[in-house]
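Topology and contacts: notes
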Amino acid sequence: MSQRVLTTESGAPVADNQNSATAGVGGPLLLQDQHLLEKLARFNRERIPERVVHARGSGAYGYFEVTDDVTGFTKAAFLSEVGKRTETFIRFSTVADSLGGADAVRDPRGFALKFYTEEGNYDLVGNNTPVFFIKDPIKFPDFIHSQKRDPFTGKQEPDNVWDFWAHSPESTHQITWLFGDRGIPASYRHMHGFGSHTYQWTNEAGEAFFVKYHFKTNQGIRSLSAEQAAELVGKDANSHQTDLLQAIERGVNPSWTLYVQVMPAAEAADYRFNPFDLTKVWPHADYPLQRVGRLVLDRNPDNVFAEVEQAAFSPNNFVPGIGPSPDKMLQGRLFAYADAHRYRLGVNHTLLPVNAPKATTAQNYGRDGFMATRNGSRHDKNYEPNSYQGPAQTDAALSAPLAIHGWTGTHEAPAHVKDDDFFQAGDLYRLMSEDEKGRLVANIAGSLSQVSREDVIEKNVAHFAAADPEYGRRVAEAVAALRD
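Let me sum up the structure you'll find in this document. (Residues numbered from 1 in each chain as written. Predicted model: local features only at pLDDT ≥ 70, side-chain atom pairs only at ≥ 80, totals over all residues. Heavy atoms only, no water.)

1. Observations regarding the side chain of lysine 114
Position of lysine 114 among the secondary structure elements: in strand β3 (residues 109-117). A distance of 3.0 Å separates the side chain of lysine 114 from the side chain of aspartate 123, its partner in a polar contact. Residue contacts for lysine 114: discarding those within four places in its chain leaves Glu87, Thr88, Phe89, Asn121, Tyr122, Asp123, Ala312, Phe313, Val354 and Asn355. (Helix = DSSP H or I, 4+ residues; strand = E, 2+ residues; numbered from the N terminus. Polar contact = N/O pair within 3.5 Å; in protein donor to acceptor, adjacent residues only side chain to side chain. Contact = heavy atoms within 4.5 Å.)

See the structure below:
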């Protein structure tokens, strides 16, 4: 194979890529050295803004295969037939740390999945926990600020972390997940994934159902203790990336089985707690898991920046048969995720190969903006409606309408019979074995004991006690022992 010729970005051949042009031997550089200036200017612009959250991530391609008939619940084409396969791309991530952070840390994990369906891309943006710390998106910037680096010290501060949680009792359930045995997954392959939010499915008859997604790992759950994680971070800060990359390269393709919980829409209003509250799970006794299909990852990206860093997921990318619910956190993310990508990647980020539809073609009137590569021809109009056979609306709603009523304004969530912030955290605690409880308490105390303010400690201990009196007592005793 003949040697390829190195060129500038305009295609001109490069004569010397080892020496800059100078004014004589040993003289100053010349401004006319176009190749040098182009290389330095491009180098200065190689980095784009990292994600504020979920900055550190890994990704892989694969497919989703339907194994069970769910057409009674949704008309989504990619779920329409047993045996049907749809190409996918997934991005796993940690949440709080920066792009250069370590993988094996105590933090929720992002589980963002893109289905390249024949009706357009469907994005399911979830985590490895079924719940979250807050239930209203207006608190999200404050929550993340409390978890990120302090403006003065430049590092994560336990005072900030626990002070926010002390004023946010709805966090108790997620804290119990985070500091429990599954708080540090051994790898991305060995953890479950959840849609976390409540979504709406609509069938061909127009019947609406609310659903929750559960991706159960077929590799089995494996997690790390705090001591194991600290040792692993010292050996390989990129441990999760290493594991995922090498497993797929070896042909050990990780897989998950997708189940859903299905609630008829009419049952939501009278359910004993708010079914759209992101800090709560639906008990399986009320809504059992129903199998849908399996997700298999079988191909690594060729370029991490192009395909993982530039991958853009937005929960408002729905397809016919799937839509949003009144979940307030989901409603906030419908805007925030897409807006983040327009800021990071530009308004034309959907034209990038990893984000573009694969099983269909996007047809709309979006034009211009930075890096516009698909702007139409002389025959294509940039307005609608038109008389030139341009793309037109279908008049078919993607999902069933949601009934609304009442007055505009800032409202707390509607009260249900059992709407409190603690009972599910208590249920989770009581499900644990004695060893699991001991590790949970030790993990919480190890972090909470670093807080400088006694009142913040007391408020958090009160939350654990409200979940379960023994839970609160044991945390209080463990914190006191570490502070003596």
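That shown, we press on.
2. Re the pattern of salt bridges
Counted by the stated rule, this structure contains 30 salt bridges. Its salt-bridge partner being aspartate 97, residue arginine 149 comes within 4.0 Å of it at the nearest N-O pair. Of this pair, arginine 149 sits in the loop between α2 (140-147) and α3 (158-166) while aspartate 97 sits in the loop between β2 (85-94) and β3; the two residues are 52 residues apart in sequence, bridging distant segments of the chain. For arginine 149, a relative accessible area of 53% translates into the label exposed. A single network of salt bridges, built from pairs that share partners, joins Lys135, Asp277, Lys280 and Asp421. (Salt bridge = Lys/Arg side-chain N within 4 Å of Asp/Glu carboxyl O. Buried < 20%, exposed > 50% of the residue type's maximum accessible area, 1.4 Å probe, protein only.)

3. Details of the pairing of strand β6 (residues 199-202)
The two faces of β6 match: Tyr199 and Trp201 on one face and Gln200 and Thr202 on the other face are all buried. Here β6 pairs with strand β7 (residues 208-217) via four bridges, running antiparallel. In the sheet register, tryptophan 201 faces β7, and the bridge partner there is phenylalanine 209. Counting the residues that bridge the hairpin from β6 to β7 gives five residues, and of these glycine 206 lies at a positive phi of roughly 85 degrees. Relative to strand β10 (residues 322-324), β6 is paired through three bridges, and the arrangement is antiparallel. Along β10, the bridge assignment pairs glutamine 200 with glycine 323. (Pairing = 2+ DSSP bridges.)

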